[in-house]
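Residues per chain are reported as follows:
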Amino acid sequence: MPGRQPARSRRTTERKGDVRERAILDICETLLADKGYEAMTVGDIARGAGITRGALYFYFGSKQEVVTALVARTVEHLWERSRATAQSEEPRQAIAAAMRRTVELWNEHGLVMRTAIDLSLTVPEIGELWNHTADLFITAITAVLERAGVQPGTEPAQASAMARALCWMIERTFYHASQESREKLQEASMTCEHIWLTSAGLAA
């Protein structure tokens, strides 16, 4: 019937577009490892994705936009993997699961995470993404602390303030550990887990 074919064409185009965007983001992550943010160019990204510069500009307006989209994809994975932390009924298990997922993501995408942190103060879009992600985790950590018996509130010894401090401590610890080795990431996880358990009054 008239009108159906354009709808199918649009869906096909969207699927191809999703595949192309994913290829652009994947090669961007590879180039971050090979060249670093400053050295890589739009031309490098386009060549790596097997498209022209003009075709790349159909999807992204600049190198910065590509990296911002890559950070957005990565932090979405981070939050998806850790969402259960806020829903778990047992604080010890929630903390262990959160740190395990954090190690996994830093092992897989540590370079993107470090780039996000490095650019968060100078690229507003990345800074907004990173701070929003931190807020989600602060809320999740707060819920775990409160379930463990920490008093709700924003005073220094209360759950919300402790959660904020824990979130940024975990970020800094993993940032530095990821520059060294997977073993250091595991050590960072154990350290952060112990501090979180201690804050929750659950340390052995």
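Residues numbered from 1 in each chain as written. Predicted model: local features only at pLDDT ≥ 70, side-chain atom pairs only at ≥ 80, totals over all residues. Heavy atoms only, no water.

Considerations on the overall build of the chain
Here is step 1 of the chain: Helix and strand counts for the chain come out as eight helices and zero strands.
Here is step 2 of the chain: Listing the helices and strands of the chain from first to last along the sequence gives α-α-α-α-α-α-α-α.
Here is step 3 of the chain: Scored against the burial criterion, the 204 residues of the chain give a buried share of 43%.
Here is step 4 of the chain: Surface exposure of the chain reaches about 11,100 Å², of which carbon and sulfur atoms provide 53%. (Helix = DSSP H or I, 4+ residues; strand = E, 2+ residues; numbered from the N terminus. Buried < 20%, exposed > 50% of the residue type's maximum accessible area, 1.4 Å probe, protein only. Areas by Shrake-Rupley, 256 points an atom, 1.4 Å probe, with all protein chains shown as cover.)

Here's the deal with the environment of Thr139
Here is step 1 of the chain: Tracing the sequence through the fold places Thr139 in helix α6 (residues 124-147).
Here is step 2 of the chain: Distance in space between the C-alpha atoms of Thr139 and Ser160 is 7.6 Å, their sequence separation being 21 residues.

Comments concerning the packing of aromatic side chains
Where two aromatic rings form a pair, the distance of their centres and the angle of their planes describe that pair.
Here is step 1 of the chain: Considering all chains together, one arrives at two aromatic pairs under this definition.
Here is step 2 of the chain: On the numbers, 5.1 Å between centres and 85° between planes, the contact of Phe58 with Tyr59 is edge-to-face.
Here is step 3 of the chain: Given a relative accessible area of 22%, Tyr59 falls into the partly exposed group.
Here is step 4 of the chain: The ring centre of Tyr37 lies 4.4 Å from the NZ or CZ of Lys63, which sits over that ring.
Here is step 5 of the chain: Above the face of the Tyr175 ring, Arg172 is positioned so that its terminal group lies 4.7 Å from the ring centre. (Phe/Tyr/Trp six-rings, centres within 6.5 Å; stacked < 30°, edge-to-face > 60°. Lys NZ or Arg CZ within 6 Å of the ring centre and 35° of its normal.)

Details of helix α7 (residues 159-177)
Here is step 1 of the chain: The end-to-end C-alpha separation of α7 is 26 Å, in line with the 27 Å expected for 19 residues at 1.5 Å each.
Here is step 2 of the chain: Along α7, the residues that are buried comprise Ala159, Met162, Ala163, Leu166, Cys167, Met169, Ile170, Glu171, Phe174, Tyr175 and Ala177.
Here is step 3 of the chain: Buried positions along α7 lie against α5 (91-119), α6 and α8 (182-199). (Expected span 1.5 Å × (residues − 1). Contact = heavy atoms within 4.5 Å.)

Section: the pattern of salt bridges
Side chains carrying opposite charge are able to pair once their charged atoms draw close together.
Here is step 1 of the chain: Taken as a whole, this structure holds six salt bridges when the rule is applied.
Here is step 2 of the chain: As a salt-bridge pair, Arg47 and Asp44 come within 2.7 Å of each other at their nearest N and O atoms. Remark: Asp44 and Arg47 occur in helix α2 (residues 42-49); sequence separation between them is three residues, near one turn of the helix.
Here is step 3 of the chain: According to the relative accessible area criterion, Arg47 is exposed, its value standing at 60%.
Here is step 4 of the chain: In this structure, Glu187 engages Lys184 in a salt bridge whose closest nitrogen and oxygen atoms are separated by 3.6 Å. (Salt bridge = Lys/Arg side-chain N within 4 Å of Asp/Glu carboxyl O.)

Side note on the packing of α6 against α7
Here is step 1 of the chain: Between α6 and α7, the least distance of the axes is 8 Å, while the angle of their chain directions is 125°. The angle between α6 and α7 places the two elements in the oblique class. Every pair of crossing elements has a handedness; the one defined by α6 and α7 is right-handed. Contacts between α6 and α7 pair Trp130, Asn131, Ala134, Asp135, Phe137, Ile138, Ile141, Thr142, Leu145 and Glu146 from the former with Ala159, Ser160, Met162, Ala163, Arg164, Leu166, Cys167, Trp168 and Glu171 from the latter.
Here is step 2 of the chain: Residue composition of the contact of α6 with α7, grouped by class: twelve nonpolar, three polar and four charged. (Axes fitted to C-alpha atoms, helices over the stretch in contact; angles between N-to-C directions. Parallel < 35°, antiparallel > 145°, perpendicular 65-115°, else oblique. Left-handed = near helix turned anticlockwise from the far one by under 90°. Nonpolar A, V, L, I, M, F, W, Y, C, P; charged D, E, K, R; others polar.)

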